[in-house]
Amino acid sequence: MKILVTNDDGVHAPGIVALAEALRQLGEVVVVAPDRERSAVGHALTLHHPLRVFDLHPGVFAIDGTPTDCVNLGIHTLLSFKPDLVVSGINRGGNLGDDVTYSGTVSAAMEATLMGIPAFAISLVTAGNGDNFTAAAAFAVKLAGVINARGLPADTFLNVNVPDIPTDQLLSPLITSQGKRRYEGSIVEKVDPRGRSYYWIGNGEQKFQNIVGSDYHAVSHNHISITPLHLDLTNYTSFSALQNWNLS
Ligand code: MN
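This one's a predicted model, so the numbers in the text were calculated from it and none came from an experiment.

Engineer: Which parts of the structure should I look at to understand the sheet that holds strand E1 (residues 2–6)?
Structural biologist: Where strands meet in a sheet, backbone hydrogen bonds hold them as pairs that are either parallel or antiparallel. Read across the sheet, nine strands follow the order E3-E4-E2-E1-E5-E6-E7-E11-E8 without closing on themselves; strand pairing throughout is mixed. With one partner strand each, in any of the chains shown, strand E3 (53–57) and strand E8 (171–175) form the two edges of the open sheet. Pairwise comparison of adjacent strand axes, ignoring direction, gives a mean angle of 20° for this sheet. Inspection of the sheet shows E3 paired to strand E4 (residues 60–63) by four bridges, in the antiparallel sense. Residue valine 53 lies in a different strand from E4, and its bridge partner there is isoleucine 63.

Below is the structure:
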């Protein structure tokens, strides 16, 4: 197999290092990743300043851009081959529910899907003290092998979340739906030394609705979660309601 590996935590993050090392047992792995952490940049593409590529080691490139930039430059410029698979991760922190729209990790897999290349994102749902990237990396190898043998359904990429627990407590993977966050006031307002207010978004707590069958429900019960995603955000079930609006 020929695999492009990227992430949004930066090229030196432990998750991407563990992932690339594990995937090398399947074939050739090239890493193209941001030169620093670019978490929560979503599907951003850099259009208004030049991008620099740093050739760190054989098969490892850092770019001063976003995960989406990395997939673009990797596939169109840096790689001497078209990859069989793009894997994005292993993110330090889950990418569950509505958060996938903010995620640079998930967006990198999305970008590969737009190019017609099979892809998955993989994230470790960290509790803050385990960082068991080894189990998540081993699962990435298994999943990559299955995708190589069976292919993915059309227009589909996978968002994988692995609970951060000891390997012998991990339960079997479940195919899940994208969950929903519980939105609560999570903006912290403080005052700086010059008396001006500043704001900090989010308090880092994972608060999701406990929906049976969802990604959150799976990982909170120690299962690996695999959510099949696609790029068509159209809400087909709303068509009949909207067609009744008198807009002409
Ligand atoms: Mn990240």
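Engineer: Explanation requested: the side chain of aspartate 192 in the structure shown.
Structural biologist: Mapped onto the elements of the fold, aspartate 192 is located in the loop between strand E9 (187–191) and strand E10 (197–201). In this structure aspartate 192 comes out as buried when scored by relative accessible area, which is 18%. A polar contact is formed between the side chain of aspartate 192 and the backbone nitrogen of arginine 194, at a distance of 2.8 Å.

Engineer: I'm lost on the nonpolar core in this one. Help?
Structural biologist: Grouped burial of nonpolar side chains is what soluble globular proteins tend to show. One finds Leu23, Val31, Phe120, Ile122 and Val160 to be the most contacted residues of the largest nonpolar core, which totals 38 residues. Here this core gets ten residues from one element, more than from any other, and that element is helix H4 (residues 133–150). If we skip the residues at most four places from it in the chain, valine 31 touches Val5, Val11, Ile16, Ala20, Gly59, Val60 and Phe61. Val71, Val106, Met110 and Ala119 belong to the second-largest nonpolar core, a separate cluster that totals 24 residues.

Engineer: Before we go on, may I ask you to explain helix H2 (residues 67–78) in this structure?
Structural biologist: The α-helix advances 3.6 residues per turn, and as a result positions three or four apart in sequence lie on the same side. With twelve residues, H2 extends only 14 Å from end C-alpha to end C-alpha; this falls clearly short of the ideal 16 Å at 1.5 Å per step. With nine of its twelve residues buried, H2 lies for the most part within the structure. Every buried residue belonging to H2 is among Pro67, Thr68, Asp69, Cys70, Val71, Asn72, Leu73, Gly74 and Ile75, and all of these are buried. Contacts from the buried residues of H2 go to E1, strand E2 (28–34), E3, E4, strand E5 (85–92) and helix H3 (104–114).

Engineer: Mind showing me how you'd approach the packing of aromatic side chains here?
Structural biologist: Between two aromatic rings, the relevant description is the distance of the centres plus the angle of the planes. All chains considered together, the criterion is met by two aromatic pairs. Geometry around phenylalanine 81 places lysine 2 over its ring, the cationic atom sitting 5.0 Å from the centre.

Engineer: Explain H3 here, please?
Structural biologist: Judged by how many residues are buried, H3 sits mostly within the fold: ten of eleven residues are covered. Those residues of H3 that fall on the buried side of the exposure criterion are Gly104, Thr105, Val106, Ser107, Ala108, Ala109, Met110, Glu111, Ala112 and Thr113. Elements in contact with the buried residues of H3: E1, H2, E5, strand E6 (119–125), strand E7 (157–163) and strand E11 (223–229). You can read the cap of H3 off the contacts: a side-chain oxygen lies 3.1 Å from the backbone nitrogen of threonine 105, and it is on serine 103. Two residues or fewer after H3 comes glycine 116, characterised by a positive phi angle close to 80°.

Engineer: What is the right way to look at the layout of surface pockets in this model?
Structural biologist: Gaps left between atoms are located by rolling a probe of water-molecule size over the structure's atoms. Empty space within the second largest pocket amounts to approximately 340 Å³. Around the second largest pocket, the lining is made up of 17 residues, and of these Val100, Gln178, Leu229, His230 and Leu233 lie nearest the centre. Every element with two or more residues in the lining of the second largest pocket is listed here: H3 and E11. The residue inventory of the lining of the second largest pocket, partitioned by class, reads eight nonpolar, eight polar and one charged.

Criteria and thresholds
All residue numbers refer to position in the chain's written sequence, counted from 1. In view of the model being predicted, local features appear only for residues whose pLDDT reaches at least 70, and side-chain atom pairs are presented and counted only at 80 or more, with totals across whole chains, interfaces and linings using the full set of residues. Calculated side-chain values reflect all of the structure's heavy atoms, with hydrogen atoms and water omitted. Strands are labelled as partners when DSSP assigns at least two bridges between them. The helix and strand labels rest on DSSP assignments: H or I over at least four residues marks a helix, E over at least two residues marks a strand, and numbering proceeds from the N terminus. Axes here refer to lines fitted to C-alpha atoms; in helices the fit is confined to the stretch in contact. Angles between the N-to-C directions go from 0 to 180 degrees. Exposure is judged per residue with a 1.4 Å probe applied to protein chains only, and the accessible area is read against the type maximum: over 50% gives exposed, under 20% gives buried, and values in between give partly exposed. In protein, a polar contact requires one atom able to donate a hydrogen and another able to accept it; more generally it is a pair of N or O atoms within 3.5 Å, and residues adjacent in sequence count only if both atoms are side-chain atoms. Nine residue types can take part in a nonpolar core, namely buried Ala, Val, Leu, Ile, Met, Phe, Trp, Tyr and Cys, and a core is a set of them joined through side-chain atoms within 4.5 Å. Only heavy atoms enter the contact rule, under which two residues are in contact if any of them lie within 4.5 Å. Given a helix with a known number of residues, its expected span is that number minus one, times 1.5 Å. When the centres of two rings from Phe, Tyr and Trp lie within 6.5 Å, Trp using its six-membered ring, the rings pair. Their planes under 30 degrees apart give stacked, over 60 give edge-to-face, and anything left gives tilted. Should the NZ of a Lys or the CZ of an Arg lie within 6 Å of a ring centre and within 35 degrees of the ring normal, that charge is described as sitting over the ring. Residues are called lining when one of their atoms sits within 4 Å of a cavity or pocket point, these points coming from a 1 Å grid over the protein atoms alone, where a cavity is a set in which a 1.4 Å probe fits but cannot get out and a pocket is an open set with protein on both sides within 12 Å along at least five of seven lines. Grid points are joined across faces, edges and corners, and a volume is the space filled by probe spheres set on the points. Throughout, the ten residues Ala, Val, Leu, Ile, Met, Phe, Trp, Tyr, Cys and Pro are labelled nonpolar, Asp, Glu, Lys and Arg are labelled charged, and all others, Gly among them, are labelled polar.

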